[in-house]
Amino acid sequence: MDAGAAPGLEGPPQQEQISHTKLSADDEWNLQQERMHRLHQGHESMHVEMILVFLCALVVAQVVLVRWRQRHGRSYNLVTLLQMWVVPLYFTIKLYWWRFLSMWGMFSVITSYILFRATRKPLSGRTPRLVYKWFLLIYKLSYAFGVVGYLAIIFTMCGFNLFFRIKARDSMDFGIVSLFYGLYYGVMGRDFAEICSDYMASTLGFYSVSGMPTRSLSDNICAVCGQKIIVELDEEGLIENTYQLSCKHVFHEFCIRGWCIVGKKQTCPYCKEKVDLKRMINNPWERTHFLYGQILDWLRYLVAWQPVVIGIVQGINYSLGLE
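Residues numbered from 1 in each chain as written. Predicted model: local features only at pLDDT ≥ 70, side-chain atom pairs only at ≥ 80, totals over all residues. Heavy atoms only, no water.

The protein chain goes by RING-type domain-containing protein in an unreviewed UniProt entry, where it is assigned to Rangifer tarandus platyrhynchus. Looking at the Subcellular location (unreviewed entry) heading of the UniProt record, one finds this comment for the protein chain: "Membrane". (UniProt positions renumbered as here; feature names shortened; annotations may be inferred.)

And the structure:
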């Protein structure tokens, strides 16, 4: 009887184990949701406190960041740029994203060389154009990748990938990766372009942070690159034209567009008078580029500072015993 009873007692656990192994993916998901619901049941007041802590931390962080950016914009931009540059490196090494790591390394090497050239004294006459050409290339590539990624996501959601016999998962992954590359390098390019433009303009002497130029500007000299202006205002140039601001100062068109659009400057490099960007950007496609730049500024906050805010909220919840 004892020998026969022993197998009988071991029967139910075996049947329970078999039943769990035969659960489908949907049943397993429902089981996990039910366990999560039981775990958090009766903690509604705690959840309300956690939401209030998150909202308060979000508001306070936004106010602090805005005040920091207004009073100490240079340090704010440097810290934000450092976070945008270093944080992805940690995740790519941890998650073995070698493709992104290789592109990040190539971008970092070339940009470091460009930054090195822009900070040299005396500044070479070829450096400003080299700087603007590189960051304008990054700007256009990031814009193209962003548009392609966005369209790939929209086409996948609409089912257009089926016409080309592409799996929805593959096309969605391609769209997300392309969109991420475009937005990330767009933000990085704009921030480094601003640093380089500040260094170059200060080195040339036509621009200073205090607003008082240290050199006198001649009529035929561009205040951005310091080179002579060959093409007259009313003439059509082979490579680029000459552009005059409302303050009557004349620049190479490529230089002043790089200064205002790529370098995010909205004042004259020489006299600091306000630049009318609507007058300068008369092409509707370039207006779209300017709007894209504003989107990048918003994403900079979302990517660089939102994880910091979430970390602070988790620390507050842990100290208050909220789980």
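On to the layout of surface pockets. Leftover empty space is mapped by rolling, across the atoms, a probe with the size of a water molecule. Roughly 430 Å³ of internal volume is contained in the second largest pocket. Contributing to the lining of the second largest pocket are 20 residues, with Met 84, Pro 88, Phe 180, Tyr 184 and Val 303 lying nearest its centre. Within the lining of the second largest pocket, the residues separate by chemical class into 17 nonpolar, 2 polar and 1 charged. (1 Å grid on protein atoms, 1.4 Å probe; cavity = no way out; pocket = protein on both sides within 12 Å on 5 of 7 lines; lining within 4 Å. Points joined across faces, edges and corners; volume = space filled by probe spheres on them. Nonpolar A, V, L, I, M, F, W, Y, C, P; charged D, E, K, R; others polar.)

Another point: the packing of aromatic side chains. The tally for this structure, following the rule as stated, stands at 18 aromatic pairs. Their ring planes at 85° and their centres at 5.7 Å tell us that Trp 85 and Phe 192 sit as a pair that is edge-to-face. With Trp 85 in helix H4 (residues 73-95) and Phe 192 in helix H7 (residues 168-204), this pair connects stretches of sequence that are 107 residues apart. Take Trp 85: its relative accessible area is 26%, and that puts it in the partly exposed class. Assessed through its relative accessible area of 5%, Phe 192 is described here as buried. Members of the aromatic cluster, joined through ring pairs, are Trp 85, Phe 100, Trp 104, Phe 107, Phe 180, Tyr 181, Tyr 184, Tyr 185 and Phe 192. (Phe/Tyr/Trp six-rings, centres within 6.5 Å; stacked < 30°, edge-to-face > 60°. Helix = DSSP H or I, 4+ residues; strand = E, 2+ residues; numbered from the N terminus. Buried < 20%, exposed > 50% of the residue type's maximum accessible area, 1.4 Å probe, protein only.)

Attention now moves to a nonpolar patch on the surface. A contiguous nonpolar patch, built from Val 147, Tyr 150, Leu 151, Ile 154, Phe 155, Met 157, Phe 160, Phe 163, Phe 164 and Ile 166 and spanning about 1000 Å² of accessible area, is present on the exposed surface. Following the sequence through the fold, Phe 164 ends up in the loop between helix H6 (127-158) and H7. (Patch = residues over 30% accessible without salt bridge, like charges linked within 9 Å, V, L, I, M, F, W, Y side chains within 5 Å. Areas by Shrake-Rupley, 256 points an atom, 1.4 Å probe, with all protein chains shown as cover. Salt bridge = Lys/Arg side-chain N within 4 Å of Asp/Glu carboxyl O.)

What follows concerns the nonpolar core. By size, the foremost hydrophobic cluster in this structure holds 46 residues, and its most contacted members are Phe 135, Leu 245 and Phe 251. Secondary structure elements with two or more residues in this core: H4, helix H5 (98-118), H6, H7, strand E2 (250-252), helix H8 (253-262) and helix H10 (284-304). Of all hydrophobic cores here, the second largest spans 5 residues; its members include Ala 57, Ala 61, Val 309 and Val 313. (Core = buried A, V, L, I, M, F, W, Y, C linked by side-chain atoms within 4.5 Å.)

All right, on to the environment of Ile 154 then. Within the secondary structure layout, Ile 154 lies in helix H6. Residue class for Ile 154 comes out partly exposed when judged on its relative accessible area of 30%.

Backbone geometry at Tyr 96 places phi at a positive 60°, although glycine is not the residue there. Locating Tyr 96 in the fold gives a position in the loop between H4 and H5. The exposure class of Tyr 96 is exposed, given its relative accessible area of 59%. Look at Arg 165: it is not a glycine, yet its phi comes out positive at around 55°. Tracing the chain through its elements places Arg 165 in the loop between H6 and H7.

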